[in-house]
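# A closer look at the structure
Chain residues, written in single-letter form:
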Protein chains: 2
Amino acid sequence: MANISNNDIKRVKSLQQKKFRDETGLFTVEGEKMVEEAVRSPFKVECIYHRNDIGEEAMKRISALASPSPVLAVVRKPSDIYIDDLGRLAPEFSKGGLYLALDTIRDPGNLGTILRIADWFGIDAVFATRDTVDVFNPKVVQATMGAVFRVKLHYVDLPALSEVVLSAGGKVYGTFLDGRNIYSRTLDTGTDCPVMIVIGNESEGISPAMEKLVTDKLYIPPYPADDPGSESLNAAVAAALTVAEFRRRLF
Amino acid sequence: MANISNNDIKRVKSLQQKKFRDETGLFTVEGEKMVEEAVRSPFKVECIYHRNDIGEEAMKRISALASPSPVLAVVRKPSDIYIDDLGRLAPEFSKGGLYLALDTIRDPGNLGTILRIADWFGIDAVFATRDTVDVFNPKVVQATMGAVFRVKLHYVDLPALSEVVLSAGGKVYGTFLDGRNIYSRTLDTGTDCPVMIVIGNESEGISPAMEKLVTDKLYIPPYPADDPGSESLNAAVAAALTVAEFRRRLF
């Protein structure tokens, strides 16, 4: 059985905290399928620990899961997670594209599910406020089912980014209770100009600063149309329904 | 400050376990909004505990949440959660309707989100296998954001129920990777005959027993159409996209 030092255990375990992920530029993924995806991805895998090598006890100590899986990898984060110079995105936007803007998603499961949706529907990039939960939080990574390795996500100043999109002749969409029926409305689908779909916070919805920059307010109609029952949809569900409708228009 | 006995604390706390919920027919809800919804609902509220009355310490002991909310209610479950005699549903089906069939949803967050979706889109009733997570599990109840008080959910023998739907001239839909594009297909929307949409398990999908009873296999197309990126969508997201498309057809 190969050895893992107590220092290594501490170091790997510390990556469950954002502070240490930021300091080291590393994060962890667990499970055979996820580790396989990491290896096949452009991400740099620094180290892989197998239960058969380091033993059950050490595995339990480094794992973020209630029932540790047989394998855990330490992976290097991409270098462009935080983008300050938004001007460098202008050339990308000039080609059009469909983007998601997360106006502070706090639940790790929601962020993971949104990345999976972005992956399925071929979203060009996801942007998020700096208050959004860290995408390399172990709970987010697991919930993405591998989409974390395929979808580009950047933390940015979201209102400033929206200005860049608007300057490029783009549109900013968001769903609101007083918006207009998404199913009967003309939608720009990102083929001619950059299109950003804003997803609001789980309890606060879209922030006032972002609402001001929304060019088209949409509404996902309940059924029957005048009786929603629930007051709202879950943030990831609203993201799925909105993105799917933009993509459906291209069929 | 009103008293709460140690026995009461134990009794309320025990309701976090399915065994005791089944024995007593009771469950708990937490938070001001949820308790308010319980009180306004047809559910019978047996007892309400306020932090101001019983104290912080007792509240912490009876709460299922990491940060206990200021109020917790003990609520009686409806009596028709488990349905054995499926024949009694035939008259309801003869009127048509749109139903969800959960082919074993195990994640509490997913079940809660699915109930919220069912509430938003006016699903007539949700049916679930007996292996589906208990809807009165505190995590499910909280994730429903109140939809648990508005959406009818019954645990049944799902294949047997599908036979009843088919006997009533109904349709059984499900999403499969080899299904047909949901956006370009004719759909029965439940206005003329009962329509059941089957949602598969998080990792196994739709079971072979249920697959045999599906009359129409659907597929939610990714974008671009030949490149899904992810291998699948989250169960609650797939439910949302499917249900929304059935309702959209009625606009």
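Residues numbered from 1 in each chain as written. Chains lettered and ligands numbered in written order. Predicted model: local features only at pLDDT ≥ 70, side-chain atom pairs only at ≥ 80, totals over all residues. Heavy atoms only, no water.

### Observations regarding the packing of helix α7 (residues 108-120) of chain B against helix α11 (residues 235-248) of chain B
Residues and elements named next belong to chain B. Stated formally: To get an axis, fit a line to the C-alpha atoms, keeping to the stretch in contact for a helix; angles then go from 0 to 180 degrees between the N-to-C directions. Numbering of helices and strands starts at the N terminus; helices are DSSP runs of H or I of at least 4 residues and strands are runs of E of at least 2. For classification, angles of less than 35 degrees are called roughly parallel, those exceeding 145 degrees roughly antiparallel, those between 65 and 115 degrees roughly perpendicular, and all remaining angles oblique. Less than a right angle of anticlockwise turn of the near helix away from the far helix marks a crossing as left-handed, whereas a clockwise turn marks it as right-handed. Contact criterion: two residues are considered in contact whenever any of their non-hydrogen atoms come within 4.5 Å of each other. Ten residues, namely Ala, Val, Leu, Ile, Met, Phe, Trp, Tyr, Cys and Pro, are considered nonpolar, four, namely Asp, Glu, Lys and Arg, are considered charged, and the remaining ones, Gly among them, are considered polar.
Look at α7 against α11: their axes get within 9 Å of each other, and the N-to-C directions meet at 10 degrees. The orientation of α7 relative to α11 falls into the category roughly parallel. In this structure, the crossing between α7 and α11 has a hand that is right-handed. Each of N110, T113, I114 and I117 in α7 lies in contact with α11, whose residues at this interface are A235, A236, A239 and A240. A breakdown of the residues in the contact of α7 with α11 according to their chemical character gives 6 nonpolar, 2 polar and no charged.

### Topic: the relation of the copies chain A and chain B
In plain terms, the rule: Superposition of the copies was done by least squares, using only C-alpha atoms of residues whose pLDDT is at least 70 in both.
When chain A is fitted onto chain B, the two copies agree to an RMSD of 0.0 Å after a turn of 180 degrees and an axial shift of 0.0 Å. On the angle and the small slide along the axis, the relation comes out as a two-fold axis. A symmetric contact is evident, with 100% of the interface residues of chain A recurring at the interface of chain B.

### Structural notes on the environment of L250(B)
We count it as follows: Partly exposed describes any residue whose relative accessible area lies between the buried limit of under 20% and the exposed limit of over 50%, with all areas from a 1.4 Å probe on protein chains only and scaled to the type maximum.
Within the secondary structure, L250(B) is located in the segment after α11. Judged by its relative accessible area of 34%, L250(B) falls in the partly exposed class. Through-space distance from the C-alpha of L250(B) to that of T191(B) is 9.4 Å; in sequence the pair is 59 residues apart. Once residues lying within four places of it in the same chain are set aside, the contact partners of L250(B) are Y223(A), T189(B) and T191(B).

### Observations regarding the layout of surface pockets
How we decide: For each structure, a 1 Å grid was placed over the protein atoms alone; sets of points admitting a 1.4 Å probe that cannot get out are labelled cavities, open sets with protein on both sides within 12 Å along at least five of seven lines are labelled pockets, and lining residues have an atom within 4 Å of a point. Grid points are joined across faces, edges and corners, and a volume is the space filled by probe spheres set on the points.
Taken as a whole, the second largest pocket holds about 250 Å³ of empty space. Looking at the second largest pocket, it is lined by 17 residues, and the ones nearest its centre are F43(A), P78(A), D80(A), V148(A) and V151(A).

### Here's the deal with helix α1 (residues 6-14) of chain B
Looking at α1(B), one finds that the buried residues are I9(B), V12(B) and S14(B). As for α1(B), its buried residues are in contact with α2 (18-24), β1 (26-30), β2 (45-50), α5 (56-62) and β3 (71-76) of chain B.

### Focus: the packing of aromatic side chains
Two aromatic rings are characterised by how far apart their centres lie and by the angle between their planes. Our working rule: In this analysis, rings of Phe, Tyr and Trp, with Trp reduced to its six-membered ring, are considered paired at centre separations within 6.5 Å, and the interplanar angle assigns stacked below 30 degrees, edge-to-face beyond 60, and tilted for intermediate values.
Applying the stated criterion across every chain, the model contains 22 aromatic pairs over all chains. On the numbers, 4.4 Å between centres and 40 degrees between planes, the contact of F27(A) with F136(A) is tilted. With F27(A) in strand β1 (residues 26-30) and F136(A) in the loop between β5 (125-128) and α8 (138-143), this pair connects stretches of sequence that are 109 residues apart. The exposure class of F136(A) is buried, given its relative accessible area of 2%. Seen in terms of ring centroids, F43(B) and F149(B) are 5.1 Å apart; in terms of plane orientation they differ by 85 degrees. Their pairing is edge-to-face.

### Here we look at the nonpolar core
Note the following rule: We define the nonpolar core as a collection of buried residues of types Ala, Val, Leu, Ile, Met, Phe, Trp, Tyr and Cys that are connected through side-chain atoms lying within 4.5 Å of one another.
With 114 residues, the main nonpolar core has V29(A), L100(A), V29(B) and L100(B) as its most contacted residues. Once residues lying within four places of it in the same chain are set aside, the contact partners of V29(A) are M34(A), V35(A), A38(A), V71(A), L72(A), A73(A), V75(A), V141(A), Q142(A) and F149(A).

### Points about the interface of chain A and chain B
Using the following cut-off: What gets called buried area is simply the loss in accessible area from a 1.4 Å probe that two parts show on being joined, summed for both. In the sections that follow, a salt bridge refers to a side-chain nitrogen of Lys or Arg positioned within 4 Å of a carboxyl oxygen of Asp or Glu. Throughout this description, a polar contact denotes any pair of N or O atoms lying within 3.5 Å of each other; where both atoms belong to protein, one of them has to be capable of donating a hydrogen while the other can accept it, and for residues adjacent in sequence the pair is counted only when both atoms sit in side chains.
Contacts between the two partners involve 36 residues from chain A and, on the opposite side, 36 residues from chain B. Roughly 3300 Å² of surface becomes buried between chain A and chain B when both sides are summed, with 65% attributable to carbon and sulfur atoms. Counting the surface chain A buries against chain B, the share from its top three residues, R116(A), W120(A) and Y223(A), is 26%. Our enumeration of links across chain A and chain B arrives at 0 salt bridges. Linking chain A with chain B are 10 residue pairs in polar contact (both at pLDDT 80 or more), by the criterion used here.

### Focus: the sheet that holds β2(B)
All names here are of chain B. Quick note on the threshold: In this scheme, strands are said to pair when DSSP sees at least two bridges between them.
Strand order in the open sheet formed by 3 strands is β1-β3-β2, with antiparallel pairing between adjacent strands. Two strands bound the open sheet, and with one partner strand each, they are β1 and β2. Pairwise comparison of adjacent strand axes, ignoring direction, gives a mean angle of 20 degrees for this sheet. In terms of strand pairing, β2 meets β3 through 5 bridges, oriented antiparallel. Within β3, the position partnered with I48 by the bridge is A73.

### Things to note about unusual backbone geometry
Residue and element names in this part refer to chain A. Along the chain, Y223 connects to P224 via a cis peptide bond; the corresponding omega equals -10 degrees. Along the chain, P224 turns up in the loop between β9 (216-219) and α11 (235-248). Positive phi outside glycine occurs at M145, with the angle close to 55 degrees. By the element assignment, M145 lies in the loop between α8 and β6 (153-155). Residue M145 is classed as partly exposed on the basis of its relative accessible area of 41%.

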